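For reference, the chains in residue letters:
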Amino acid sequence: MSATVQTSTDAVLPETTIIRSWKTPIALLIFTALFAILLLAAPRPGGETTFRLATGTDLFQVADLVAPVTATAWTCLVLSLVLAGVSAYFVRTFGRSPLWVVIVYIVVLVVGFLTWAAAGGTVPVAGLLAGSLGLAVPLIYGALAGVIGERAGVVNIAIEGQLLAGAFTAALVASITGAPIAGLIAAAVAGMLVAAVLAAFSIKYLVDQVIVGVVLNVLVAGLTSFLFSQVLQPNKATLNTPPRFDRIPIPLLSDIPVIGPVFFRQTLIVYLMYIAVVLVWIGMFKTRWGLRLRAVGEHPQAADTVGIKVNATRFWNVLLAGALAGIGGTVFTIGNGIAFNKEMTAGAGFIALAAVIFGQWDPIKATLAALLFGFASNLQNTLSVIGSPVPSEFMLMLPYLVTIFVVAGVVGKSRAPAADGVPYIKG
Amino acid sequence: GCASAPESSPSGSAGGEAVSDFKPCMVSDAGGFEDKSFNQLGAEGLEAAAATLGVESKKVESGSESDYAPNIQSLVDEGCKLVITVGFLLASAAGEAAVANPDVEFVSIDDMVDNDFDGKTDAENIKPIIFDTAQAAFLAGYAAASYSTAGKVGTFGGMNIPTVTIFMDGFKQGVEYFNEQKGASVQVVGWDGTDGVFTGGFEANQDAINAAQGIVDQGVDVLLPVGGPIYQSAASVIRDSGREIAMIGVDADVFETDPSIGDLLLTSIRKGIDVGVEEAVTAAGEGNFDAAPFVGTLENEGVGLAPFHDFESKVSADLQGELDTIKAGIIDGSIEVTSYLSE
Amino acid sequence: MSSPTINTGGDKITEVAPPSKWHDTFVRITQGNWLISVLAVVLALIVGGIMIAATDERVQSASVYFFARPGDTFAAIWQSVSGAYTALFRGSIYNFNAPDFARGIRPFTETLTFATPLIAAGLGVALAFRIGMFNIGGRGQMLMASAGAGWIAFGFDLPFGLHMLLAVVVGMLCGAVWGGIAGLLKARTGAHEVIVTIMLNYVAFYLISWMLRTPGLLQAPGSSNPKSPAMKETAIFPGLLGPGYNLHFGFILVIIATVVVWWLLTRSSLGFKFRAVGENPNAARVAGIDVKNMYVYGMLIAGALAGLAGVNQVLGTITTGFTAGIDAGIGFDAITVALLGRSTPWGTFAAGILFGAFKAGGFAMQAGEQIPIEIVTVVQSLIVLFIAAPPLVRTIFFLPSPERDKRRREKARAKELKAEVKADEEVTA
Amino acid sequence: MKLELRGITKRFGSLVANDHIDLVVEPGEIHCLLGENGAGKSTLMNVLYGLYTADDGIILLDDHPQDFRGPGDAMRAGIGMVHQHFMLVPVFTVAENVMLGHEPTKGGGMLDLKTARERVREISARFGFDVDPDAIVEDLPVGVQQRVEIIKALSRDARVLVFDEPTAVLTPQETDELMAIMRQLKESGSSIVFITHKLREVREVADRITVIRLGKVVGEASPTASNAELASMMVGRAVELTVHKDAPKLGDEDLVVENLSVIDPLGQIVVNDVSFSVRGGEVLAIAGVQGNGQTELTEALIGMQPQVRGSITLGGEQLVGRSIRRILDEGVGFVPEDRKVDGLVGEFSIAENLMLDRANGAPFVKGGTVQRRQLDEFAREKFAEFDVRAPGIDTPVGRLSGGNQQKVVLARELSRDLALFVAAQPTRGVDVGSIEFIHKRIVETRDSGIPVIVVSTELDEVSALADRIMVMYRGRIVGIVPGDTPRDVLGLMMAGEHPDGEGVAA
Ligand SMILES: Nc1ncnc2c1ncn2[C@@H]1O[C@H](COP(=O)(O)OP(=O)(O)OP(=O)(O)O)[C@@H](O)[C@H]1O
Ligand SMILES: Nc1ncnc2c1ncn2[C@@H]1O[C@H](COP(=O)(O)OP(=O)(O)OP(=O)(O)O)[C@@H](O)[C@H]1O
Ligand SMILES: [Mg+2]
Ligand SMILES: [Mg+2]
């Protein structure tokens, strides 16, 4: 009896052709055109823009970069046009435009725009980057929490609540103990508690995950605000005067020009974040934990049939995610030594949720998305400090508009884990 | 709890029994009574007056602007005889309530309650308390410019609204006056007279930190954050920068209200909400309510500049004298400070 | 009993709501679940009571000597909790301290007044849910609508009735456009509506802030505050109950809106397509329904409904001019309202009234008992949580539950099986 | 390993899916389970595999009672299962899927992919599979996915193997291969439970047959029993297994497809330059191994495919570039391949599903309002006519069995004025009783003079229905042959070989 029947896996793979999506080059071209209109409508002849690369405390002082406004701006315009062309070329030949073109394009356009907007002024590059990172830190923690939860099949709309619970607990515990690290641990626990409610209701009681998430946000906001006015505020000195984490410069690394002070003269929270991003990424794609996590999020039944306890796996990972979001909340209080205040996370959890989707459920991409948002927010700030001709409200809109443009123009559709948000019910 | 019980069980409601039925009450705006700013100061004034009068007082917080009218109404329902509304946002609700409840007295802080723009307050039973903060901020601007060695001073605010920008306006004019007088060229970063750096809200958050950082990065050595607790963010940035940057507080003498940052404070721009409220409440409690608007100025000490405290030794020896001269000038009108109130 | 499921992932959005039938809702409310709902409310109130008591100074000071005289503590607890909830009732349903019925019932009319925008915005969220979309953009849509309606209402001189009508229409249009942007972007580019609506909230806020401080746009002339002028009398919603009551014509509009949404979802062909797209976009597409257009139309209507809430704010609730905070958090409360109402029009209507009652009662509670208004938020969210999880409520109240019976059976069986295994092992041994 | 199920009872609410079922499978035996849709076969196997907990009864392996808390226990006890719906994570690679649940790791929980790949290769070699351990499962043809399922079961040294309807998605060749594998496994001493609806297969491999109806064992049958005997035992009545149809009365060339190509989102040309035509009153059956472009071809006909080149004309009207709505309005009836995903809205009632593609105007919508009365009347009529087995027209379609769901789809599509009828896998996973009914309706449609296209991977079905057969391979047409072409010729064509003499004519 011959059971050896050959089936070649590639035998049925069909021929391919190229389908071209012109969305990216068109978007790039539109932005280039807008920039050109800006340069033509409001030229700023003669001036110079200084890009300050070093901060005052740098070991190696890098000289400032002085850019003549008109020349630089027009060079950037031409470059951006070229990049739009490059993108079009890639679309023509390969069907899609690689991500690096978009990234280079963004950098070029931002430099050009900054040169134009800051004519006669100084752009503190390190400050710009450091501020972006600062704004991104809680978003990155939140996004990691979202990625883990959704990869395991649980939509975590409660990131906002977890951040807020973390911020509150961190302030409270750190104020009482005087030790920020105690606040950090307490924040992780608080985030986990919120996550535990999410997990219990959505996994055990099969309540819709979105409902639980939304309601938890409201609940945590109410609880922390209530406790804030009833407990924290009357005892401000003992309960709501959190100490702050010190900045720990990392030897050598922190002396790298420009990047060093931005990335390696930070608090423990930020260093933990670097570690978390790397660990989550490795864990998710290279370890048993990640394989099982993704399996229960993609096809819980398949995971069940190979003996993985789907609901337990989901439960513990949602808790882990909660801990991360809780730690993210510490940025708001002990990260900067600021007293807790009502609803002080101000929607960061929702932005983090956006970063999760924008980052296509990938820890690294979600981190980049959060950084982009941080950068856009801080660019707004830098421009208004330099004194831009645009009303401040429009500057404040910038990060949100950028996010819409990027999501609509560059990212578009993305695919969630198949069982994301779907409860697993065993027969 | 295993302490022993008090001898007599606490009688009736909390606190002492009210001696009269005069009940002063207060409604905050969305900032809440713990904003370390005008709501808080107002509440302190109320409590001080209530203690003096020996009466019970009530405070309610608003969460949003649709809460103002119901909050005022429920205080009236609770039998409040005097209702204080804090912030210009409550003005129209206060105006309407005043017309509807002629037997209740009202005090409006930060607004003239002139909803029909006839130049007069809308009702007889409402007393506006407003502050020409620009006058004090003018002094602060002058002091800042005098203190600055970098030749650059900065300011940023929570939102671009008059009660915030009046500080920035006065500050800028003070700096300009210094430049004029001394032939200096101290620059103001963050406010150009119509627009500037705003955090978009009154929370001490990362946005506030970044706004402060952006200004600090421009090389200023004096910083004036205007609006609620955002000064905490500014303090955080200043400490991080490792530079010698002085900060100016607003509303209260922050050196007193938040000693933890006392070492950073050049001075504070006082806005005497507490005093204004206390006086108005006490007067009303004694049956002397008058509806005449109170405008806090340097002259009536409604606004003013706090002492330099720790910075006494760091400012130039002549500064206090010069400030006194300017103050006199502002009071007698020889130095003109413009703001939205003077338009 | 299923509830909407939203998947934030990509465009794969599924909703598993039952076909909205007034009948179903009615049956659900009157039978089976009414007990759970009542118990959920009771439970939430108990938790709220614990929080009130725990943070009450009287209770705290009495508990210091709890073992010496426990009665004091209990008395204090009773005083603080019953005081709070009596105030809540007095502020939301009937004020029994009032001199006459007319004044006594005023709180209930206040409840309806507060419910009005909550229902309108809640309908906007619920409708989007039924098409499988999560509309977090109520705030932005309300703001734009307030601006549009307000601009008509203070900026033009028109006869009574027409003026109001025009303001309502323009306001709802503005809301529709703002919602429609999110729908359009989703349909044309696949941009996720959760992201877009959140971002549009901020954009609307800053846009309105700017317009409010720019003379000639929305700022009141002669003022430098970021606030609009008062609405003209001809545009303001007339009161329904005469002076002394705030309940206004907006409530009628909202009832009409609820009926329209009910008709739309259960009786109309458009609603049929909406639900088909919400339940199974693939099958809808194969059946020739233009899924993308449904997303656009759905968000347009949802935006208009949220817009109606905004219109209510400026023409009904705060007619003296508005600021950028005019949305008053209603856009977010609306999500909870829609969820509690299980995305059905009448469920949303009922949930809106419940939340309106909490809102109205919250003021009395704060003014009378000095209890922070946030307690109301806590109680509200707990209600939604508990109602969504009947097994939990049953467990807490020791009610019989199918789940528990099943678990018991399983346990008994497992025991039996073990015995058998053991017996068998003995035999083979 | 000997498997014994004793008195297994499983209830879903009031429904008894398994009612005291006894079953013995001896080592080295292939034991077939036969039964209609919903008879309770899958439920029984899920109980055996620990996915469901039985309400009563006991499982014995080599005469030892077992207490399975979950699939993990069952697997450890040596039970492996190839599920009716594949239990593979589509976005994982083959190796990842195979290792899932018992992953080899290096230090620190890091996956040891190398060992996993080795294991896949080793088992593949043993059975002569050619499976790339690094291929992503969703990119693989169904037949290969099935192999991955088998590798998965074998990688845990299963001694009792359950195959739940494994052949539903396989080609005849693949089915033959699978049966060869089953025999090979049996020879190595494994016990096999094999569930299928295809009687030919049963008779080919079964050592013993147990028939289940309505949750109860109704008896054993011998592999030598005739198709008709088996079918009547399953259904409880005599079943007509062949379709009676007269010679076609051919009309005009209504549907003309010229140089049609379909490109999928990844840029793959899944239908490659295809030309053919269909006359009124004839059934053109499209045969081919799953994944050779038939699905995409039908989807292109209805306008579901975004990237289409070439031309499709129906009665002279160009269909390419039109919206699905416009194509439906042209009179194209369409039964999609996956009824749950593309054909029905599970939460909608039967009545609502019957108006799903007519939600725009008459007869069900007037002035934007749904005419409930008309709809209910229509639904009741179709409910009776198509013999839908359900409590009533308000029952949500998701609660119906596959066969009944399919009847709803057919009822909807066949009750419109049609100019073309396209049915993809009309009887996939449907029991014999329903197949009979569905086939009859398709032939009736053809006899009314409408061009009909039936896509099926089922050669029995193709032969039963087709007037002409078009075989596709890798997106191209291998040939168009008469309806009575022998199975073995078709089988070769499905493997891509042009039959001699029969070109791309007809
Ligand atoms: N998860 C479930 N919940 C409720 N009832 C179920 C469930 N699964 C199966 N049933 C019921 O059990 C009966 C048996 O279903 P089962 O899937 O075992 O049938 P089957 O014999 O495998 O049919 P098929 O040939 O269609 O695969 C069905 O008729 C159905 O009513
Ligand atoms: N939630 C449920 N409640 C009641 N019955 C159910 C439920 N889910 C499935 N069933 C029943 O289970 C049976 C088989 O369902 P299943 O999901 O296995 O369909 P299927 O396998 O696609 O159908 P088929 O095998 O007939 O093609 C159906 O008869 C259906 O009535
Ligand atoms: Mg089945
Ligand atoms: Mg089955």
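Residues numbered from 1 in each chain as written. Chains lettered and ligands numbered in written order. Predicted model: local features only at pLDDT ≥ 70, side-chain atom pairs only at ≥ 80, totals over all residues. Heavy atoms only, no water.

### Some thoughts on the overall build of chain A
Consideration 1: Along the backbone of chain A there are 16 helices and five strands.
Consideration 2: Relative to the compact-globule value of 22 Å for 427 residues, chain A shows a C-alpha radius of gyration of 24 Å, a close match.
Consideration 3: By the burial criterion, 60% of the 427 residues in chain A qualify as buried.
Consideration 4: Summarising the internal contacts of chain A: among those between residues at least 6 apart in sequence, 75% fall at separations of at least 24. (Helix = DSSP H or I, 4+ residues; strand = E, 2+ residues; numbered from the N terminus. Rg over C-alpha atoms; globule rule 2.2 N^0.38 Å. Buried < 20%, exposed > 50% of the residue type's maximum accessible area, 1.4 Å probe, protein only. Contact = heavy atoms within 4.5 Å.)

### Considerations on the sheet that holds strand β2 (residues 15-25) of chain D
Two pairing modes exist for strands in a sheet, parallel and antiparallel, and in both the strands are linked by backbone hydrogen bonds.
Residue and element names in this part refer to chain D.
Consideration 1: A sheet is described by the order of its strands in space; here four strands give the open sequence β2-β1-β4-β5, paired in antiparallel fashion. Edge positions in the sheet fall to β2 and β5 (64-66), since each of these pairs with one other strand and no more. Strand after strand, the sheet turns through a mean of 30° between neighbouring axes, direction not considered.
Consideration 2: Note that strand β1 (residues 3-12) and strand β4 (residues 56-61) share five bridges and pair antiparallel. The residue of β4 that forms the bridge with Leu3 is Leu61.
Consideration 3: Relative to β1, helix α1 (residues 41-48) is tilted by about 115°, and along the sheet it contacts β1, β2 and β4. (Pairing = 2+ DSSP bridges. Axes fitted to C-alpha atoms, helices over the stretch in contact; angles between N-to-C directions.)

### Things to note about the pattern of salt bridges
Consideration 1: Under the criterion given, the structure shown has 55 salt bridges over all chains.
Consideration 2: A salt bridge links Lys342 of chain A to Glu61 of chain B, with the nearest nitrogen and oxygen atoms 2.6 Å apart. Taken together, the residues Lys342 of chain A in the loop between α13 (310-329) and α14 (348-358) and Glu61 of chain B in the loop between β2 (58-60) and α2 (68-77) connect one chain to another.
Consideration 3: Look at Glu61 of chain B and you get buried, because its relative accessible area is 12%.
Consideration 4: The partner of Glu4 of chain D in a salt bridge is Arg6 of chain D, with the nearest N and O atoms 3.2 Å apart.
Consideration 5: On the basis of relative accessible area, Arg6 of chain D is assigned to the partly exposed category, the value being 41%.
Consideration 6: What emerges from the salt-bridge pattern is a single network uniting Asp357, Arg412, Glu413 and Arg416 of chain D. (Salt bridge = Lys/Arg side-chain N within 4 Å of Asp/Glu carboxyl O.)

### Quick notes on the side chain of Glu299 of chain D
Consideration 1: Structurally, Glu299 of chain D can be placed in helix α9 (residues 294-302).
Consideration 2: Despite being buried, Glu299 of chain D has no salt bridge partner; Arg285 of chain C is the closest side chain of opposite charge, sitting 6.2 Å away.
Consideration 3: When near neighbours in sequence (up to four residues on either side) are disregarded, Glu299 of chain D contacts Met304 and Gln305 of chain D. (Lys, Arg positive; Asp, Glu negative; His and termini not counted.)

### What about the interface of chain C and chain A?
Consideration 1: Listed per partner, the contact involves 51 residues of chain C and 55 residues of chain A.
Consideration 2: Across the chain C/chain A interface, buried area totals approximately 4,700 Å², and carbon plus sulfur atoms make up 76% of it.
Consideration 3: Where chain C meets chain A, there are two salt bridges.
Consideration 4: The salt bridge partner of Glu393 of chain A is Arg213 of chain C, with a shortest N-O separation of 2.6 Å.
Consideration 5: Across the chain C-chain A interface, the total number found is four residue pairs in polar contact (both at pLDDT 80 or more).
Consideration 6: Breaking the side of chain C that touches chain A down by element, the ones donating at least two residues are α2 (34-54), α8 (162-189), α9 (193-212), α14 (330-340), α16 (374-388) and α17 (390-396) of chain C.
Consideration 7: Examining the composition of the side of chain C that touches chain A, we find that twelve residues originate from one element, α9 of chain C, more than from any other.
Consideration 8: Split into classes, the residues belonging to the side of chain C that touches chain A amount to 32 nonpolar, 14 polar and five charged. (Buried area = accessible area lost by both parts, 1.4 Å probe. Polar contact = N/O pair within 3.5 Å; in protein donor to acceptor, adjacent residues only side chain to side chain. Nonpolar A, V, L, I, M, F, W, Y, C, P; charged D, E, K, R; others polar.)

### Description of the confidence of the model for chain A
Consideration 1: Summary statistics for chain A give a mean pLDDT of 85 and a share of 92% for residues scoring 70 or more.
Consideration 2: In the predicted structure, residues 1-13 of chain A sits below a pLDDT of 50 and forms 32 contacts with residues beyond four places in sequence or in another chain. (pLDDT = per-residue confidence, 0-100.)

### A closer look at the site of ligand 1
All names here are of chain D.
Consideration 1: Neighbouring residues of ligand 1: 15 residues in total, closest Gly38, Gly40, Lys41, Ser42 and Thr43.
Consideration 2: Interatomic distance of 2.7 Å between a backbone N/O atom of Gly40 and an oxygen atom of ligand 1.
Consideration 3: Protein coverage of the free-state accessible area of ligand 1, which is 630 Å², stands at 65%.
Consideration 4: Listed by contribution, the elements that provide at least two residues to the shell around ligand 1 are β2 and α1.
Consideration 5: The element best represented in the shell around ligand 1 is α1, accounting for three residues.
Consideration 6: Residue composition of the shell around ligand 1, by class: five nonpolar, seven polar and three charged. (Near = heavy atom within 4 Å. Areas by Shrake-Rupley, 256 points an atom, 1.4 Å probe, with all protein chains shown as cover.)

### Description of the pairing of strand β3 (residues 82-86) of chain B
Residues and elements named next belong to chain B.
Consideration 1: The buried fraction of β3 amounts to five of the five residues, a majority that puts the element mostly inside the structure.
Consideration 2: Here β3 shows no split at all, with Leu82, Ile84 and Val86 on one side and Val83 and Thr85 on the other all buried.
Consideration 3: Taken together, the four bridges between strand β1 (residues 24-27) and β3 define a ladder with parallel strand orientation. Its bridge partner lying in β3, Cys25 is registered against Val83.
Consideration 4: In the sheet, β3 pairs with strand β4 (residues 105-109) via five bridges, with the strands oriented parallel.

### Digging into the site of ligand 2
Residues and elements named next belong to chain D.
Consideration 1: The immediate surroundings of ligand 2 are formed by Asn37, Gln84, His85, Arg339, Lys340, Arg399, Leu400, Ser401, Gly402, Gly403 and Gly429.
Consideration 2: Here an oxygen atom of ligand 2 sits 2.6 Å away from a polar atom, N or O, in the main chain of Arg399.
Consideration 3: Coverage of ligand 2 by the protein chains reaches 52% of its 610 Å² of free accessible surface.
Consideration 4: Of all the secondary-structure elements, those providing two or more residues to the shell around ligand 2 are α11 (339-343) and α14 (402-414).
Consideration 5: Grouping the amino acids of the shell around ligand 2 by side-chain chemistry returns one nonpolar, seven polar and three charged.
Consideration 6: Counting only domains with at least three residues in the shell around ligand 2, you end up with domain 1 (3-235) and domain 2 (252-343 + 417-495). (Domains from an automatic or database assignment.)

### Some words on helix α13 (residues 291-317) of chain C
Consideration 1: In a regular helix each residue adds 1.5 Å, so 27 residues correspond to 39 Å; α13 of chain C covers 37 Å between its end C-alpha atoms and thus fits that length.
Consideration 2: In terms of burial, α13 of chain C is a largely internal element, 21 of the 27 residues being buried. (Expected span 1.5 Å × (residues − 1).)

### Comments concerning the interface of chain A and chain D
Consideration 1: At the junction of the two partners, chain A supplies 40 residues and chain D supplies 62 residues.
Consideration 2: A buried area of about 4,000 Å², summed over both sides, lies between chain A and chain D, and 60% of it is on carbon and sulfur atoms.
Consideration 3: Where chain A touches chain D, the interface holds two salt bridges.
Consideration 4: Among the salt bridges present, the one from Glu96 of chain D reaches Arg294 of chain A, with a minimum N-O distance of 3.9 Å.
Consideration 5: Listed by contribution, the elements that provide at least two residues to the side of chain A that touches chain D are α10 (268-286), α11 (288-298) and α12 (300-305) of chain A.
Consideration 6: In terms of residues, the side of chain A that touches chain D owes the most to one element, α11 of chain A, which gives six residues.
Consideration 7: Along the lines of polarity and charge, the residues of the side of chain A that touches chain D split into 17 nonpolar, 13 polar and ten charged.

### Brief notes about the domain arrangement of chain C
Put simply, an interface is often sized by how much accessible area is lost when its parts join up.
Residues and elements named next belong to chain C.
Consideration 1: In terms of domain boundaries, chain C breaks down into domain 1 (52-94 + 356-399) and domain 2 (115-343).
Consideration 2: On a C-alpha basis, the centres of domain 1 and domain 2 stand 34 Å from each other.
Consideration 3: Contacts between the two partners involve six residues from domain 1 and, on the opposite side, six residues from domain 2.
Consideration 4: Across the domain 1 to domain 2 interface the summed buried area is about 490 Å²; carbon plus sulfur atoms make up 70%.
Consideration 5: In this assembly, domain 1 and domain 2 are joined by zero salt bridges.
Consideration 6: Listing elements by their share of the side of domain 1 that touches domain 2, those giving two or more residues are α15 (345-369) and α16.

### A closer look at the state of the cysteines
Residue and element names in this part refer to chain B.
Consideration 1: Across all of its chains, the model carries one disulfide over all chains by this definition.
Consideration 2: Disulfide pairing places Cys25 opposite Cys80 at an S-S distance of 1.9 Å. When the S-S torsion is -80°, as for the bridge of Cys25 with Cys80, the disulfide is left-handed. With a gap of 55 residues between them, Cys25 in strand β1 and Cys80 in the loop between α2 and β3 connect regions that are remote in the sequence.
Consideration 3: On the accessibility criterion, Cys25 (0% relative accessible area) is buried.
Consideration 4: With relative accessibility at 2%, the residue Cys80 sits in the buried group. (Disulfide = S-S within 2.5 Å.)

### Some points on the side chain of Ser66 of chain B
Consideration 1: Among the secondary structure elements, Ser66 of chain B is positioned in the loop between β2 and α2.
Consideration 2: Beyond its immediate chain neighbours, meaning those up to four positions away, Ser66 of chain B contacts Phe114, Gln313, Ile318 and Ala328 of chain C.

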